[in-house]
Amino acid sequence: MIQFNRQNLFGKEFEYIKDAYENGKISGDGKYTELCNHFMEKRFDAKKVMLTTSGTHALDLAAILVGIQPGDEVIMPSYTFVSTANAFLLRGAKPVFCDIRKDNLNMDETKIEELITEKTKAIVPVHYAGVACDMDKITKIAKKNDLTVIEDAAQGVNAKYKDKYLGTIGDIGCYSFHETKNYSMGEGGAIVVNDEEMIERAEIIREKGTNRKKFFRGEIDKYTWVEMGSSYLPSEINAAVLWNQLEHMDEIQKKRKNIFEMYYGGLKVLGDERKLRLPIINDFAESNFHMFYILLNSEKERNEMISYLKKNDVQAVFHYIPLHLSEFYKRNFKRIYLPVTEDLSSQIVRLPMFFNLSKKNVSFIVKSIKIKINE
Ligand SMILES: *Cc1c(COP(=O)(O)O)cnc(C)c1O
């Protein structure tokens, strides 16, 4: 079976974990968390990066940080993971869903303004598959309407919009290091705080609502409860694993790029014949090659392709059930129509993509798709 996703070790993980034990610190914010945070701050030119227990928790922290209140509205795509919406729902806000663009499956920035009301507080662009949303346009709309921008860059670590890294463009960015993402620590994530004024509060909320960070830096002589917060610090054991992955960041990206290009090159002829559609990377985007997907011409063709690949021992998968069509949303909100989201989400197939996927297996997958399409 060619699995959809697989983990790999780079070889120093256990050494780093052992080192964390020997340093006598396996709880959060030790040596390895700091190494990861500083590496990303430097590499992505970000003001503040802090590891979190997950991408989901980075979003939860962001929602608390920007002061989302009951009754607020937050604009986001429906074609996303549930965590994008849950973070704001948990604070009592309503997710307002925006349709997506046909080319990159990202939020359609031309449809944002019509969704803005007096209750709107924030816009949450999701950089699907590691391909950037049109951030200049989104930032402009946000400025004009005095809204906060929280980038869900869970899939966008080390990808760019023009010359900026994803996650560093909005007021806040959220990364995921879940095992399915490009760089993994099992479960984990990070919050990127780009608004200087939010940094201190982000530290506090992440540390159970205490000013413990200031205390450890020696800036105050005792620490106390100063805000509402929770515990969003991952263990040093997880951070040690991530550190070994980040040390191999370029190598990981290069490998994924090669796989992406092999798929693309192999399937291009089918794309040209319009038998399927290949992913589009806009000129403003530099992808991190998080995903390789194809779009079939109908839901039926899509489902048949997945079954065919499964019979050939290839695990290919569809992706999000749009959130506005979910059981939870239907139970709580009025039916809305997002035609592009509804169409494209029913046509997508994601193909295996991971560091150790062999060229031989990519060739086999390409060949299988060609046989199925031309049968
Ligand atoms: C993976 C993902 C998340 C959640 O990240 P976790 O680390 O799994 O909690 C949120 N949003 C998007 C778009 C994701 O792909």
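Below, the structure is looked at part by part.

Each value, and the rule that gives it
Along each chain, numbering runs from 1 in the same order as the chain's sequence is written. Residues qualify for local features only when their pLDDT is at least 70, as the model is predicted, and side-chain atom pairs are given and counted only at 80 or more; totals for whole chains, interfaces and linings, by contrast, use all residues. Heavy atoms from the whole structure form the basis of all side-chain values; hydrogens and water molecules are not counted. By convention in this text, a residue qualifies as near a molecule or strand provided that one of its non-hydrogen atoms is within 4 Å of it. Under the rule applied, a polar contact is a pair of N or O atoms within 3.5 Å (in protein, one hydrogen donor and one hydrogen acceptor; residues adjacent in sequence only if both atoms are side-chain atoms). Using a 1.4 Å probe, accessible areas were evaluated by the Shrake-Rupley method; residue-level cover was limited to the displayed protein chains. Every definition here rests on a 1 Å grid over the protein atoms only: cavities are sets of points where a 1.4 Å probe fits but cannot get out, pockets are open sets enclosed by protein on both sides within 12 Å along at least five of seven lines, and lining residues have some atom within 4 Å of a point. Being in a pocket or cavity means that more than half of the molecule's atoms lie within 2 Å of its grid points. Only DSSP runs of H or I covering at least 4 residues are called helices, and only runs of E covering at least 2 are called strands; the numbering of each starts at the N terminus. Each residue is assigned to one class: nonpolar for Ala, Val, Leu, Ile, Met, Phe, Trp, Tyr, Cys and Pro, charged for Asp, Glu, Lys and Arg, and polar for all the others, Gly among them. Given the number of residues in a helix, its expected span is that number minus one, multiplied by 1.5 Å. Buried residues are those whose accessible area, probed at 1.4 Å on protein chains only, stays under 20% of the maximum for their type, while exposed residues exceed 50% and partly exposed ones sit between those limits. The directions from the helix axis to the C-beta atoms are what the arc is built from. Contacts are assigned to residue pairs that have any heavy atoms within 4.5 Å of one another. A pair of strands is labelled paired if DSSP reports no fewer than 2 bridges between them. As used in this record, nonpolar core signifies buried Ala, Val, Leu, Ile, Met, Phe, Trp, Tyr and Cys residues forming a set joined through side-chain atoms within 4.5 Å. The charged-residue count follows a simple rule in which Lys and Arg add positive charge and Asp and Glu add negative charge, with His and chain termini not counted at all. Between Lys or Arg on one side and Asp or Glu on the other, a salt bridge is scored when a side-chain nitrogen of the former is within 4 Å of a carboxyl oxygen of the latter. Grid points are joined across faces, edges and corners, and a volume is the space filled by probe spheres set on the points.

## Concerning the site of the ligand
With respect to spatial proximity, 16 residues lie near the ligand, and among them Gly 55, Thr 56, Asp 152, Ser 176 and Lys 181 are the closest. Gly 55 is positioned such that a nitrogen or oxygen atom in its backbone is 2.7 Å from an oxygen atom of the ligand. Between Asp 152 and the ligand, the recorded distance is 2.8 Å, taken from a side-chain N or O atom to a nitrogen atom. Surface burial for the ligand is 93%, taken as the share of its 380 Å² of free accessible area covered by protein chains. At a threshold of 2 Å from the grid points, most atoms of the ligand map onto the largest pocket. Considering every element that reaches the shell around the ligand, the biggest residue donor is helix H3 (residues 55-65), with 3 residues. Looking at the shell around the ligand residue by residue, the class counts come to 5 nonpolar, 9 polar and 2 charged.

## Digging into helix H13 (residues 359-373)
End to end, H13 covers 21 Å across 15 residues, agreeing with the expected 21 Å (1.5 Å per residue, within 8%). Buried within H13 we find Val 362, Ile 365, Val 366, Ser 368, Ile 369, Lys 372 and Ile 373. Each buried residue of H13 sits inside an arc of 160 degrees when the element is viewed along its axis, so together they form one side. Turned more than 90 degrees off the buried face of H13, the exposed positions are Lys 359, Lys 360 and Lys 367. Close packing links the buried residues of H13 with helix H9 (249-272), strand S11 (292-295), helix H10 (299-311) and strand S12 (348-351).

## Topic: the sheet that holds strand S6 (residues 160-161)
Strand order in the open sheet made by the 3 strands is S7-S6-S10, with antiparallel pairing throughout. Two strands lie at the open edges of the sheet, namely strand S7 (164-165) and strand S10 (285-286), each paired on one side alone. Sheet topology note: the S6/S7 ladder contains 2 bridges and is antiparallel. From the neighbouring strand, Lys 160 faces S7, where its bridge partner is Tyr 165.

## As for the environment of Trp 225
Along the chain, the position of Trp 225 falls in the loop between helix H7 (212-216) and helix H8 (236-246). Residue classification places Trp 225 among the exposed residues on the basis of a relative accessible area of 68%. Spatially, the C-alpha atoms of Trp 225 and Ile 2 are 50 Å apart, while their sequence positions differ by 223 residues. In this structure Trp 225 touches Lys 208, Gly 209 and Thr 210, once residues within four positions along its chain are discounted. One polar contact links the side chain of Trp 225 to the main-chain carbonyl oxygen of Glu 227, over a distance of 2.7 Å.

## Let's talk about unusual backbone geometry
A positive phi angle, near 55 degrees, is found at Asp 45, a position not held by glycine. Locating Asp 45 in the fold gives a position in the loop between helix H2 (31-44) and strand S1 (48-52). Given the relative accessible area of 69%, Asp 45 is considered exposed. Even without being glycine, Asn 158 reaches a positive phi, approximately 75 degrees. Mapped onto the elements of the fold, Asn 158 is located in the loop between strand S5 (148-152) and S6. For Asn 158, a relative accessible area of 4% puts it in the buried group.

## Thoughts on the nonpolar core
Counting residues in each nonpolar core, the largest one holds 49 residues, and the members touching the most others are Met 40, Leu 51, Tyr 175 and Phe 177. Elements with a minimum of two residues in this core: helix H1 (13-22), H2, S1, strand S3 (94-98), helix H5 (135-144), strand S9 (189-193), H8 and H9. Looking at which element gives the most residues to this core, the answer is H8, with 5 residues.

## Details of the side chain of Lys 160
For Lys 160, the location among the structural elements is in strand S6. Summary of buried charges: Lys 160 has no salt-bridge partner, and the nearest side chain of opposite charge, Glu 286, is 4.3 Å away. What Lys 160 contacts, discounting residues up to four positions off in sequence, is Ala 132, Tyr 165, Leu 166, Phe 284, Ala 285 and Glu 286.

## Points about the layout of surface pockets
Looking at the largest pocket, its volume works out to about 520 Å³. Around the largest pocket, the lining comprises 30 residues; the ones closest to its centre are Phe 81, Gln 155, Thr 180, Lys 181 and Tyr 320. At 3 residues, H3 tops the list of elements feeding residues into the lining of the largest pocket. Across the lining of the largest pocket, the residue classes break down as 10 nonpolar, 15 polar and 5 charged. Lining of the second largest pocket is provided by Phe 44, Asp 45, Ala 46, Lys 47, Lys 164, Tyr 165, Thr 168, Ile 169, Gly 170, Asp 171, Asn 194 and Asp 195. Each residue belonging to the lining of the second largest pocket can be placed in one class, and the counts come to 4 nonpolar, 3 polar and 5 charged.

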